[in-house]
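Here's the letter readout for the chains.
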Amino acid sequence: MKTTLESLDYSQSSPFVRKEGKPVIIAGPCSAETEEQMMATARQISAIPEVSIFRAGIWKPRTRPNAFEGVGEAALPWLARVKAETGMKTACEVATGKHVDLALKYGVDILWVGARTTVNPFSVQEIADALHGVDIPVMVKNPVNPDLQLWLGALERLSKTGIKQLAAIHRGFSTFDNGPYRNAPKWDMAEAFKVIVPEIPLLCDPSHIAGKQDLVELICQQALGMQMDGLMIETHHIPEEAWSDAAQQLTPAALSMVIDRLLKPSKSDKVKEELEGLRQQIDELDDTLMVLLSERARLSEKIGTFKKANDIAPLQIKRWEALLQQRIQKAQAAGLTSDFISNIFKLIHKNSVQIQNRIMGIM
Ligand code: PEP
Ligand code: MN
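So, a few notes on the structure that sits alongside this text. Predicted model, so just to flag it, every value in this text is computed and none were measured.

As for the layout of surface pockets
Space inside the largest pocket adds up to approximately 520 Å³. Lining the largest pocket are 19 residues, with Leu224, Arg261, Leu262, Leu263 and Lys264 positioned closest to its centre. Where the lining of the largest pocket is concerned, the elements lending two or more residues are helix 9 (213–225) and helix 10 (252–263). Examining the composition of the lining of the largest pocket, we find that four residues originate from one element, helix 9, more than from any other. In the lining of the largest pocket, the residues fall into six nonpolar, five polar and eight charged.

Overview of the side chain of Asn142
Mapped onto the secondary structure, Asn142 falls in the loop between strand 5 (138–141) and helix 6 (148–160). A distance of 2.6 Å separates a polar side-chain atom of Asn142 from the backbone nitrogen of Arg171. Polar side-chain contacts of Asn142 include one of 2.9 Å to the backbone oxygen of Gly172. Look past the residues within four positions of Asn142 in its chain and what remains in contact with it is Ala115, Thr118, Trp151, Ile169, His170, Arg171, Gly172 and Phe173.

Comments concerning the site of ligand 1
All residues in the neighbourhood of ligand 1 are listed as Cys30, Arg55, Lys60, Glu93, Trp112, Gly114, Ala115, Arg116, Lys141, Arg171, His208 and Glu234. One nitrogen or oxygen atom from the side chain of Arg116 is found 3.0 Å from an oxygen atom belonging to ligand 1. Here Glu234 contributes a side-chain N or O atom positioned 3.2 Å from an oxygen atom of ligand 1. Contact with the protein chains covers 97% of the free accessible surface of ligand 1, which is 290 Å².

Thoughts on the packing of helix 3 (residues 97–105) against helix 5 (residues 121–130)
At a minimum axis distance of 8 Å, the contact between helix 3 and helix 5 shows a crossing angle of 35 degrees. Both helix 3 and helix 5 take part in a crossing whose hand is right-handed. Across from Gly97, Lys98, Val100 and Asp101 in helix 3, the residues of helix 5 making contact are Glu126, Ile127 and Ala130. Looking at side-chain class alone, the contact of helix 3 with helix 5 contains three nonpolar, one polar and three charged residues.

Remarks on the pattern of salt bridges
Under the defined criterion, the tally for this structure stands at 11 salt bridges. We note a salt bridge from Arg18 to Asp229, for which the minimum N-O separation is 3.8 Å. Taken together, the positions of Arg18 in the segment before strand 1 (24–28) and Asp229 in the loop between helix 9 and strand 8 (230–234) put the pair 211 residues apart, joining distant regions of the chain. Residue class for Arg18 comes out partly exposed when judged on its relative accessible area of 25%. Two residues, Glu274 and Lys270, come together in a salt bridge whose shortest N-O distance is 3.1 Å. Of this pair, Glu274 and Lys270 both sit in helix 11 (residues 269–309), separated by four residues, roughly a single helical turn. Judged by relative accessible area, Lys270 falls into the exposed class, the value being 58%.

Analysis parameters
- Residues numbered from 1 in each chain as written.
- Chains lettered and ligands numbered in written order.
- Predicted model: local features only at pLDDT ≥ 70, side-chain atom pairs only at ≥ 80, totals over all residues.
- Heavy atoms only, no water.
- 1 Å grid on protein atoms, 1.4 Å probe; cavity = no way out; pocket = protein on both sides within 12 Å on 5 of 7 lines; lining within 4 Å.
- Points joined across faces, edges and corners; volume = space filled by probe spheres on them.
- Helix = DSSP H or I, 4+ residues; strand = E, 2+ residues; numbered from the N terminus.
- Nonpolar A, V, L, I, M, F, W, Y, C, P; charged D, E, K, R; others polar.
- Polar contact = N/O pair within 3.5 Å; in protein donor to acceptor, adjacent residues only side chain to side chain.
- Contact = heavy atoms within 4.5 Å.
- Near = heavy atom within 4 Å.
- Areas by Shrake-Rupley, 256 points an atom, 1.4 Å probe, with all protein chains shown as cover.
- Axes fitted to C-alpha atoms, helices over the stretch in contact; angles between N-to-C directions.
- Left-handed = near helix turned anticlockwise from the far one by under 90°.
- Salt bridge = Lys/Arg side-chain N within 4 Å of Asp/Glu carboxyl O.
- Buried < 20%, exposed > 50% of the residue type's maximum accessible area, 1.4 Å probe, protein only.

As far as function goes, none of this settles anything; it's purely spatial.
Structural data, given as structure tokens:
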């Protein structure tokens, strides 16, 4: 896939570049609520040396009306105060040209485009137009839906207008089955993004993927394990009293512990060895599975030849339904979920029918 990203330029001082190899860490509340909340949260976060950027939502895109929609312009001087008193760089979301003008007027250091805005090329273009001729780092969250093209398109629009320091934020996707997540991570999409545009730093927002505090650290681990360049973690001095996203925000103390565990030196040789041993066992089992699958495929060929000789059609739906039911029952007895086994056998059966169709001359 070809992209039209023009003259990206990351100097060593860019906020998106790792310092001493350490990932970039952005923290701060989902929303700016009051000056006291902002200053209390910022002071505690600034005691964590790894955090270089303070985030806060000034304008909040809410799914339903009547929810808290952000303080707006009145909160921008608070961000300026955070910067003056703590030395952290500041970042906020912009969704319109007006937001851009105001954020620039109050000296916000870094802007980001939110997931609900990335989906809309008109809005992204409006933001790009407002940024024409401005040199400011901009981050683009993935669109709400798993569409790489929209994500890349937003980055291209910003690049075209002259933005040289771009970063992307993986914040998960709204899908039919989000599993335990608020937004399904779909790590394969993040990996695909890295392959297509390796030159753009990719950060992860574990908070909006998780939707709850307990899951945040695990998602951070996964993101750093994939060599992502940084993390944006929602942090509030009293999360349970937050006006938005209360369930997913960490306290600054919890954030500090998470960062310590994430960045501590890699595991001991003994741990690595034990993991290697377990992986070897998995490799051996997979080899056995492969032999069994190939034996099964050969048997399907035999059945195909037999059916051809006896004028029997390859797909016998009654036999397939009975087979699947029987496998599901056995799976349950073996402690496997019926979903898992039924998915595997659907693939195995599809392959078997394809083999038999080939023998019959049906392509
Ligand atoms: C946010 O960062 O607070 C936010 C609204 O996130 P997203 O755009 O990822 O939903
Ligand atoms: Mn939020």
